[in-house]
Amino acid sequence: MEPLKGNGPGAPNPDDPYTRRQRIAELAKQAPQLAFTSLAHHIDRQWLYQAYLDTRRDGAVGVDGQTAEDYEAHLWDNLESLLNRAKSGTYRASPVRRVHIPKGTGPETRPLGIPTYEDKILQRAVVMVLEAIYEQDFLDCSYGFRPGRSAHQALESLWQQTMAGGGGWIVEVDIRKFFDMLDHAHLRELLRRRVRDGVLLRLIGKWLKAGVLEGGCLTTPQAGTPQGGVISPLLANVYLHYVLDEWFEREVKPRLKGRAFLIRYADDFVMGFACEEDARRVLEVLPKRFGKSGLALHPEKTRLVPFRRPGSRSPQPGAPAEPPAGVFDLLGFRHYWGRSRRGYWVVKRKTAPSRFRRALKTIAHWCRLHRHDPIREQQATLGQKLRGHYAYYGITGNARALSALWHAVRRLWRYWLSRRTRGQPMPWHRFVALVQRYPLPSPVVVHSVYRPVANPR
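Residues numbered from 1 in each chain as written. Predicted model: local features only at pLDDT ≥ 70, side-chain atom pairs only at ≥ 80, totals over all residues. Heavy atoms only, no water.

All right, on to helix 4 (residues 75-88) then. Between its terminal C-alpha atoms helix 4 stretches 20 Å, which fits the 20 Å expected from 14 residues at 1.5 Å a residue. Turning to helix 4, its buried residues number three or more, namely L75, L79, L82, L83 and A86. The arc that holds the buried residues of helix 4, viewed along the axis, is 100 degrees, so those residues lie on one side. Packing partners of the buried residues in helix 4 comprise helix 2 (45-54), helix 3 (68-72), helix 5 (117-134) and helix 9 (198-208). G89 lies just past helix 4 and shows a positive phi near 90 degrees. (Helix = DSSP H or I, 4+ residues; strand = E, 2+ residues; numbered from the N terminus. Expected span 1.5 Å × (residues − 1). Buried < 20%, exposed > 50% of the residue type's maximum accessible area, 1.4 Å probe, protein only. Arc of directions from axis to C-beta. Contact = heavy atoms within 4.5 Å.)

Quick look at empty space enclosed by the protein now. Any empty space left between the atoms is revealed when a probe the size of a water molecule rolls over them. The full count for this structure, using the stated rule, is two cavities of 30 Å³ or more. Quantified by volume, the largest cavity comes out at close to 100 Å³. V96, P115, Q123, W207 and P226 are, among the 14 residues lining the largest cavity, the residues nearest its centre. Among the elements of the structure, helix 5 and helix 9 are those that each provide at least two residues to the lining of the largest cavity. Across the lining of the largest cavity, the residue classes tally to eight nonpolar, five polar and one charged. Lining of the second largest cavity is provided by A40, I43, L83, A86, K87, L122, V199 and L203. Among the secondary structure elements, those contributing two or more residues to the lining of the second largest cavity are helix 4 and helix 9. The class makeup of the residues in the lining of the second largest cavity is seven nonpolar, no polar and one charged. (1 Å grid on protein atoms, 1.4 Å probe; cavity = no way out; pocket = protein on both sides within 12 Å on 5 of 7 lines; lining within 4 Å. Points joined across faces, edges and corners; volume = space filled by probe spheres on them. Nonpolar A, V, L, I, M, F, W, Y, C, P; charged D, E, K, R; others polar.)

Moving on: the packing of helix 12 (residues 353-369) against helix 14 (residues 399-418). Between helix 12 and helix 14, the shortest axis-to-axis distance is 10 Å and the interhelical angle comes to 25 degrees. In terms of axis orientation, helix 12 runs roughly parallel to helix 14. The way helix 12 lies across helix 14 gives a crossing that is right-handed. Listed contacts from helix 14 to F356, A359, L360, I363, A364, C367 and R368 of helix 12 are A401, A404, L405, A408, V409, L412 and W416. Of the residues contributing to the contact of helix 12 with helix 14, the split by class is 13 nonpolar, no polar and one charged. (Axes fitted to C-alpha atoms, helices over the stretch in contact; angles between N-to-C directions. Parallel < 35°, antiparallel > 145°, perpendicular 65-115°, else oblique. Left-handed = near helix turned anticlockwise from the far one by under 90°.)

With that settled, the discussion passes to the sheet that holds strand 4 (residues 212-214). Strands sit in the order 2-1-4-5 across an open sheet of four strands; the sheet is mixed. Of all the strands in the sheet, the pair left with one neighbour each is strand 2 (109-114) and strand 5 (217-219). Pairwise comparison of adjacent strand axes, ignoring direction, gives a mean angle of 40 degrees for this sheet. Bridge count between strand 1 (residues 96-102) and strand 4: two bridges; the pairing is parallel. (Pairing = 2+ DSSP bridges.)

Looking now at the sheet that holds strand 11 (residues 345-351). Strand order in the open sheet formed by three strands is 9-10-11, and the pairing between neighbours is antiparallel. Single-partner strands in this sheet number two, and they are strand 9 (328-330) and strand 11. Looking at each pair of strands side by side, their axes are set apart by 40 degrees on average, direction ignored. Two elements, strand 10 (residues 333-339) and strand 11, share seven bridges in a ladder whose sense is antiparallel. What sits directly across from R339, in strand 11, is W345. On the sheet, helix 6 (residues 151-164) packs against strand 9, strand 10 and strand 11 and is oriented at approximately 155 degrees with respect to strand 11.

For the chain, the mean per-residue pLDDT works out to 89, and 91% of the residues sit at or above 70. Here residues 1-12 is modelled with pLDDT under 50, and outside its nearest four sequence neighbours on either side it reaches 12 contacts, counting other chains as well. (pLDDT = per-residue confidence, 0-100.)

Counting buried residues in strand 7 (residues 268-273) gives five out of six residues, a clear majority hidden from the surface. Where strand 3 (residues 169-174) lies against strand 7, six bridges are found, and the strand directions are antiparallel. Its bridge partner being in strand 7, V171 is matched across the sheet by M271. Two strands pair when backbone bridges link them, and strand 6 (residues 260-265) and strand 7 are joined in this way by six bridges, in the antiparallel orientation. Bridging from a neighbouring strand, R264 pairs with F269 of strand 7. Connecting strand 6 to the next strand, strand 7, in antiparallel fashion are two residues, including A266 with a positive phi near 55 degrees.

What follows is the structure, given as structure tokens:
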């Protein structure tokens with residue numbers, strides 16, 4: 001297919017997917033109560049081709065074993081067939097292949113569902129339509145899996161709001177098995193508030209009912225959406241937008257005595273309150289609110305954390321002592337009060353202990369399996385793992401944790417290199433000479449508030 005031509009130099013093409021998405025977004029913004037009844041006509045060959053371009057080619061394969069290269073061998077025929085089946089209703093969603101990845105450092109794992117490559121393309125096409133609508137509805141407190149938003153922006157917003165209010169009271173919330181417990185009927189009801197196109201709703205229903213293939217056994221869950229699917233993050237955001245975000249903004253905040261805020265990244269979120277009474281009232285009603293939507297909160301991981309700036313209140317005679325400031329975790333970081341270089345109390349962030357242990361455990365496992373690989377190959381892979389860690393955890397104030405990881409990885413590398421033979425452990429002077437020739441990348445604060453974003457060495 002030849003690229004579509006515009007109406008003139010620099011003029012937008014009315015048939016271009018980007019232009020059509022803009023028109024959908026403008027209409028959704030102008031009419032926030034409008035339910036769209038005709039959307040499927042936007043999905044054509046050009047739309048599917050754009051969805052194909054936006055789909056990762058290096059992802060894991062689904063139950064059919066088809067790779068991106070296999071699909072591209074007859075790309076236009078495959079896209080035409082997919083489009084016809086989706087529009088005619090003869091499309092059948094394939095079961096997702098379930099794999100388990102470690103969750104934390106314990107035995108608990110997180111299930112991931114891997115769709116087929118064709119399903120990924122069609123899901124991406126539907127996401128392109130729905131995203132144009134819901135991006136006009138989603139609130140600023142939501143950061144997860146949205147275009148132009150990131151976890152670091154969520155962390156920055158949390159830092160600014162806790163600093164502006166001198167801390168306060170933090171409600172740390174953990175939704176128990178959110179992606180597994182998401183209620184299908186309630187999700188369809190929420191979707192129909194904005195989308196009533198039969199073709200799109202049928203496709204979403206087919207993906208929800210596609211089933212899960214694990215160990216040769218096919219099951220059809222009655223609730224949940226496979227974590228790892230292309231459309232799952234958007235469905236999760238829609239669900240929590242109505243269940244949590246809108247409820248907190250429109251019903252909870254007007255009834256509070258003091259200032260409050262919500263920071264959510266997918267199903268991970270915290271609430272901040274200036275008044276302890278407000279925090280306790282919301283914490284009490286949260287389980288009931290989520291219970292109405294088929295969700296449950298983890299009783300041990302959902303808690304109220306006193307997080308006032310130390311010394312922010314003068315002790316009154318006879319008054320109970322102010323509880324010491326606690327700590328809480330969000331998005332892999334531990335948040336706590338500490339002294340700045342000038343002696344002021346500031347909110348600091350460091351790598352959460354569970355994430356630090358998990359990173360070391362993963363690297364130790366890799367070193368054990370690959371201890372006989374050539375040194376240059378080990379250096380390249382370990383360097384890649386460290387750079388990936390720095391790219392996320394390299395924020396201002398976390399240099400000590402980055403340095404601790406770097407030293408720990410060097411010790412692990414020496415330990416497993418020593419296990420290549422049955423002789424004595426590798427002497428330190430020999431290992432120092434080795435890392436001088438094959439150095440590991442030094443810790444880098446990538447997301448620094450003092451300079452532009454750096455690239456890890």
